[in-house]
Amino acid sequence: EAELSRADVEARLAGASAAKPADFTAMRMSGLDLSGLDFKGAILRVARLNNANLSGANLEGANLDQAWLLNADLTGANLKGASLFQAQLIGATMDRADLSGARVASDMSRASLKGAKFVGANLSADMKNQSMGMMRGVLHKADLDGADLSGANLSRVDFEFASLKGANLTDANLMAAELAGADLTGATVTGANFNEADVDSAKLKSLIGTETANLDRAKNLRNALRD
């Protein structure tokens, strides 16, 4: 149950400043309509935002570490440079959301990310926190059709059975990424690094830019579905 109303949230945001950003640490806001609000630089660590409507919200530079956003709606949200370390975004709707330059070691399994932007974002495994398990981007069965992941660090990210049809992976680092069963039909892979990436049973049809990607260094390439 939410402990704040939309009006309460708006009041906190109105009283915030660059020197003292709005702080919603561990606040319960599940189910609230927070669409279009300006959370730029806000602290939302461990906040409960399950099923919340954050469509069109400005979360640029916000701290969402360990936040709960199960089935939340972040359609078209601005998450540029945001921190989403260990955030739970399972089943979230994030179509056209902009996560450029963000740190996204989050669970986004089954999330809808059609047309989302991850330009220069870092979804890679945090090798310093192995005692806590592998902290990394998890996009198991996520829909990333048409997403822009150019220049993103996707090392060791879990893309198993994800859909990346028509996605832009130009210069992306996919080293040791898990792509088994993923659909990359028509994706642009110019300059992408596939070293040790597992492409077992992945759909690699009509890829653009394979001549400049080291696809030959991928694991289980012989089991991938190719042209």
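Use the structure listed above.
Everything quoted here is computed from the prediction, not taken from an experiment. Sequence order as written defines the numbering, with residues in each chain counted from 1. The predicted nature of this model means local features are confined to residues of pLDDT at least 70 and side-chain atom pairs, given and counted, to a pLDDT of 80 or more, with totals for whole chains, interfaces and linings taken over all residues. Hydrogens and waters are ignored; side-chain quantities use all the structure's heavy atoms.

Asker: Can you tell me about the overall build of the chain, naming the residues and giving the values?
Answerer: We count a stretch as a helix when DSSP gives it H or I for four or more residues in a row; a strand needs E for two or more, and each element gets its number in order from the N terminus. From N to C terminus, the chain includes 1 helix and 2 strands. Start at the N end of the chain and walk to the C end: the helices and strands fall as α-β-β. When its C-alpha atoms are laid out on the principal axes, the chain stretches across 55 × 35 × 30 Å. Each residue is placed in one exposure class: buried if its accessible area under a 1.4 Å probe, protein chains only, is under 20% of its type's maximum, exposed if it is over 50%, and partly exposed if it falls in between. Across the 227 residues in the chain, those meeting the buried criterion constitute 47%.

Asker: Residue-level account of the environment of Asp200, with values.
Answerer: In this fold, Asp200 is placed in the loop between helix 1 (6–14) and strand 1 (203–204). Under the relative-accessibility criterion, Asp200 is labelled partly exposed at 26%. Put simply, Asp200 and Ala218 are 18 residues apart on the chain and 9.2 Å apart in space, counted from C-alpha to C-alpha. Not counting residues within four places of it along the chain, the set of residues in contact with Asp200 comprises Leu179, Ala180, Gly181, Lys219, Asn220 and Asn223. Any two residues having at least one pair of non-hydrogen atoms within 4.5 Å are treated as being in contact.

Asker: Talk me through the packing of aromatic side chains; I want residue IDs and the actual numbers.
Answerer: Think of it this way: a Phe, Tyr or Trp ring, Trp meaning its six-membered ring, pairs with another when their centres are within 6.5 Å, and the plane angle makes it stacked under 30 degrees, edge-to-face over 60, tilted otherwise. This structure, assessed with the given rule, holds 1 aromatic pair. Centroid distance Phe24 to Phe39: 5.8 Å. Interplanar angle 65°. Geometry classified as edge-to-face. With a gap of 15 residues between them, Phe24 in the loop between helix 1 and strand 1 and Phe39 in the loop between helix 1 and strand 1 connect regions that are remote in the sequence. A residue is classified by how much of its surface remains accessible, and Phe24, at 0% relative accessible area, is buried.

Asker: If you had to explain the pattern of salt bridges to someone new, which residues and values would you point to?
Answerer: Whenever Lys or Arg places a side-chain nitrogen within 4 Å of a carboxyl oxygen from Asp or Glu, that contact is recorded as a salt bridge. Under the criterion given, the structure shown has 6 salt bridges. As a salt-bridge pair, Asp143 and Lys114 come within 3.7 Å of each other at their nearest N and O atoms. Highlighted residues: Asp143 in the loop between helix 1 and strand 1 and Lys114 in the loop between helix 1 and strand 1, separated in sequence by 29 residues.

Asker: Go over the side chain of Asp95, please, and point to the residues and values.
Answerer: Within the secondary structure, Asp95 sits in the loop between helix 1 and strand 1. No salt bridge is formed by the buried Asp95, whose closest oppositely charged neighbour, Arg96, lies at an N-O distance of 5.0 Å. Side chain to side chain, Asp95 and Ser112 meet in a polar contact 2.6 Å long. When charges are tallied, Lys and Arg are placed among the positive residues and Asp and Glu among the negative ones, while His and the ends of the chain are skipped. Counted as a polar contact is a pair of N or O atoms within 3.5 Å, where, for protein atoms, one must be capable of donating a hydrogen and the other of accepting one, and residues adjacent in sequence contribute only when both atoms are in side chains.

Asker: Account for the nonpolar core, with residues named and values stated.
Answerer: What is meant by a nonpolar core is a set of buried Ala, Val, Leu, Ile, Met, Phe, Trp, Tyr and Cys residues, joined one to another through side-chain atoms within 4.5 Å. In this structure, Phe39, Leu44, Phe159 and Leu179 are the most contacted members of the largest nonpolar core, which totals 77 residues. Ignoring sequence-local partners within four residues, the contact set of Phe39 consists of Val9, Leu13, Phe24, Leu34, Leu44, Leu54, Ala57, Asn58, Leu59 and Ala62.

Asker: So what about the environment of Thr75? Which residues, and what values?
Answerer: Secondary-structure assignment places Thr75 in the loop between helix 1 and strand 1. Ignoring any residue separated from it by four or fewer positions in sequence, one finds Thr75 in contact with Ser55, Gly56, Thr93, Met94, Asp95 and Arg96.

Asker: For the side chain of Ser112, give the residues involved together with the corresponding values.
Answerer: Following the sequence through the fold, Ser112 ends up in the loop between helix 1 and strand 1. Those residues in contact with Ser112 that lie beyond four places of it in its chain are Ala92, Thr93, Met94, Asp95 and Asp143.

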